[in-house]
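One-letter residues, chain by chain:
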Amino acid sequence: MDSTDLFDNQNIREVRRGRKKSHVWDHYFKEPLGSEHYIARCHYCNQNWSKGKPEILKPHLALYCKDVPLYIKTEYMEMLAVETTSTKHSEHAYITLPIICRSYYM
Ligand SMILES: [Zn+2]
């Protein structure tokens, strides 16, 4: 029983780590094309791009792919939403930090 619990915990940690540092390439085949170029091909709908870039591949999973599993689609939709609002988040962090420090000393 204990070992099962441990295994579950590790799984949760794996998922969280995967979310933070997501590999869009997990969902694409990389086919070498010359020295520095490669073709990206979607695992799910087989669409391909001669220059696969995360800026193209992420929106494909979030918005355009017709065969991607829903949980992956949702994950990438959330990711795109976070990326577009990340500037606001960091500004917010800078504003709130001094306030937290002050109340700590008081
Ligand atoms: Zn696709």
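All values reported here derive from a predicted model rather than from experimental measurement.

### Regarding the pairing of strand 2 (residues 37-42)
Relative to strand 2, strand 1 (residues 28-33) is paired through 6 bridges, and the arrangement is antiparallel. Each bridged residue has a counterpart across the sheet, and for Pro32 the counterpart in strand 2 is Tyr38. Between the antiparallel neighbours strand 1 and strand 2 lie 3 residues, among them Gly34 with a positive phi of about 80°. Here strand 2 pairs with strand 3 (residues 48-49) via 2 bridges, running antiparallel. In the strand pairing of strand 3, Arg41 is matched with Asn48.

### A few points about unusual backbone geometry
The backbone phi angle of Asn46 is positive, close to 70°, even though this residue is not glycine. By secondary structure assignment, the location of Asn46 is in the loop between strand 2 and strand 3.

### As for the confidence of the model for the protein chain
Caution is warranted with low-pLDDT regions, since their predicted coordinates should not be read in detail. Taken as a whole, the protein chain shows an average pLDDT of 75; of its residues, 59% reach a score of 70 or greater. Element-level pLDDT for the protein chain is lowest in helix 1 (residues 2-20), with a mean of 50, against a maximum mean of 95 in helix 2 (residues 54-64). Confidence drops under a pLDDT of 50 for residues 16-20, and excluding neighbours within four residues, the segment shows 0 contacts in the predicted structure. Confidence drops under pLDDT 50 across residues 93-101; counting only partners more than four residues distant or on other chains, this segment forms 0 contacts.

How each quantity is defined
- Residues numbered from 1 in each chain as written.
- Predicted model: local features only at pLDDT ≥ 70, side-chain atom pairs only at ≥ 80, totals over all residues.
- Pairing = 2+ DSSP bridges.
- Helix = DSSP H or I, 4+ residues; strand = E, 2+ residues; numbered from the N terminus.
- pLDDT = per-residue confidence, 0-100.
- Contact = placed C-beta atoms within 7 Å.

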